[in-house]
Amino acid sequence: MKVVILKDAAAVAAYGAEIFVKQINKKNHSVLGLATGSTPVALYQELIAANKESKVSFSAVRSFNLDEYMGIEGDHPQSYRHFMNEELFNHVDIDKSNTQVPPGNAANPIEACEKYERDIVDMGGIDIQLLGIGRNAHIGFNEPSSSLASRTRVKTLTQATIDDNARFFGADEHQPHLSITMGIGTILESKKVVLLATGEGKAEAIQATVEGPLSAACPASALQMHRNAVLIIDEAAASKLVDKEFYKHIEVENQKLEEMLEL
Ligand code: GLP
């Protein structure tokens, strides 16, 4: 996998957004895989700015979100559907009927998960999947021990994830302990994967993802098996990488190669 180490969170957002803008400008009806959490917010702001400046249009874009809490409606303020509307969809020229978030309120979640998988395939598959990462290296809500071949399904959240995400919920507010998430197998089928991580809190997860063994104990390590995955991380998230200088050197060489190919 490609590891791009940048100065800070702002640089990570700008670099990641540029990849999405290029992808959409190359294929205006791209199928985007989108993520929630605090990390992608700055990237979404970059995309909103690019849309306002007419550098990119989402009018033909389709999207699938990674995950959703179980048992809450899409208009619930803590739902990931609500998050996506607030952080991106309401501010760009996307047709919301072209955006999908797993239905956390489905009467039959098992059927809903199967349909989600079918819908992705019917759209031609995901062109580019955005990911954050949990402190325990979860991607989507694929917690440690998730099968590396898993598909969209109901997943129980670990106490660590519940605690990490408690900051978004009010003291008396019900916080779901179950989710619907794309599986690791689903994520691995997207044509390109862009994972963002910022801050020291993610350093251990990033080290295990890049340099640890391929293991269900570290869900993000499955990206070692993806042919087109890029990790865009800041210095703090890179701080525990043993071969950090080597990854930086590779990037310098990659840049030279790209410049040469553009000539
Ligand atoms: C949640 C989401 C993940 C996200 C993670 C990290 O658990 N399901 O998709 O990557 O949070 O969030 P943050 O970026 O806020 O650290």
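Everything numeric in this text was worked out from a predicted model, so none of it was measured.

The subject of this paragraph is the environment of Leu178. Looking at where Leu178 falls in the secondary structure, it is placed in strand E8 (residues 178-181). According to the relative accessible area criterion, Leu178 is partly exposed, its value standing at 35%. Remark: the alpha-carbon pair of Leu178 and Ala166, spanning 12 residues in sequence, is separated by 14 Å. What Leu178 contacts, discounting residues up to four positions off in sequence, is Tyr69, Met70, Lys155, Thr156 and Leu157.

Turning to its location among the elements, Asn85 is positioned in helix H3 (residues 80-87). Discounting chain neighbours no more than four positions away, the residues touching Asn85 are Asn90, His91 and Lys96.

What follows is about the site of the ligand. Taken together, 13 residues surround the ligand, and among them Ser38, Thr39, Asp67, His138 and Lys202 come closest. At 3.0 Å from an oxygen atom of the ligand is found a side-chain nitrogen or oxygen belonging to Arg167. Notes on the ligand: free accessible area 390 Å², of which the protein chains cover 94%.

Right, let's talk about the nonpolar core for a bit. Ranked by internal contacts, the top residues of the largest apolar core, which has 63 residues, are Ile206 and Ile233. For Ile233, the contacting residues outside a window of four places in its chain are Val3, Val4, Ile5, Leu6, Val12, Ala197, Ile206, Ala238 and Leu241.

Spanning 14 residues, helix H4 (residues 109-122) covers 20 Å between terminal C-alpha atoms, matching the ideal 20 Å at 1.5 Å per step. Taken residue by residue, H4 has Pro109, Ala112, Cys113, Tyr116, Glu117, Asp119 and Ile120 as its buried positions. For H4, the arc enclosing every buried residue in end-on projection is 160°, short of the 170-degree limit, so these residues lie on one face. Among the exposed residues of H4, those pointing more than 90 degrees away from its buried face are Ile110, Glu111, Val121 and Asp122.

Once that is clear, we can look at the sheet that holds strand E4 (residues 67-69). Ordered in space as E4-E8-E7, the three strands form an open sheet in which the pairing is antiparallel. Lying at the two open borders of the sheet, with one neighbouring strand each, are E4 and strand E7 (153-156). Across the sheet, the mean angle separating the axes of adjacent strands is 30° when strand polarity is ignored. When E4 meets E8, the two strands line up antiparallel, connected through three bridges. Directly across from Tyr69, in E8, lies its bridge partner Ser179.

Note on placement: Asn142 falls in the loop between strand E6 (128-131) and E7. What makes Asn142 buried here is its relative accessible area of 0%. In this structure the C-alpha to C-alpha distance between Asn142 and Gly183, which are 41 residues apart in sequence, comes to 6.7 Å. Residue contacts for Asn142: discarding those within four places in its chain leaves Ser150, Arg153, Thr181, Met182, Gly183, Ile184, Ile187 and Pro219.

The subject of this paragraph is the packing of aromatic side chains. Taken as a whole and judged by the stated rule, the model has six aromatic pairs. Pairing Tyr69 with Phe169 gives two aromatic rings, centres 5.6 Å apart and planes at 75°, and the pair type is edge-to-face. Of the two residues, Tyr69 sits in strand E4 while Phe169 sits in the loop between helix H5 (159-165) and E8, which places them 100 residues apart along the sequence. Accessibility assignment for this pair places Tyr69 and Phe169 in one class, buried.

Parameters at a glance
- Residues numbered from 1 in each chain as written.
- Predicted model: local features only at pLDDT ≥ 70, side-chain atom pairs only at ≥ 80, totals over all residues.
- Heavy atoms only, no water.
- Helix = DSSP H or I, 4+ residues; strand = E, 2+ residues; numbered from the N terminus.
- Buried < 20%, exposed > 50% of the residue type's maximum accessible area, 1.4 Å probe, protein only.
- Contact = heavy atoms within 4.5 Å.
- Near = heavy atom within 4 Å.
- Polar contact = N/O pair within 3.5 Å; in protein donor to acceptor, adjacent residues only side chain to side chain.
- Areas by Shrake-Rupley, 256 points an atom, 1.4 Å probe, with all protein chains shown as cover.
- Core = buried A, V, L, I, M, F, W, Y, C linked by side-chain atoms within 4.5 Å.
- Expected span 1.5 Å × (residues − 1).
- Arc of directions from axis to C-beta.
- Pairing = 2+ DSSP bridges.
- Axes fitted to C-alpha atoms, helices over the stretch in contact; angles between N-to-C directions.
- Phe/Tyr/Trp six-rings, centres within 6.5 Å; stacked < 30°, edge-to-face > 60°.

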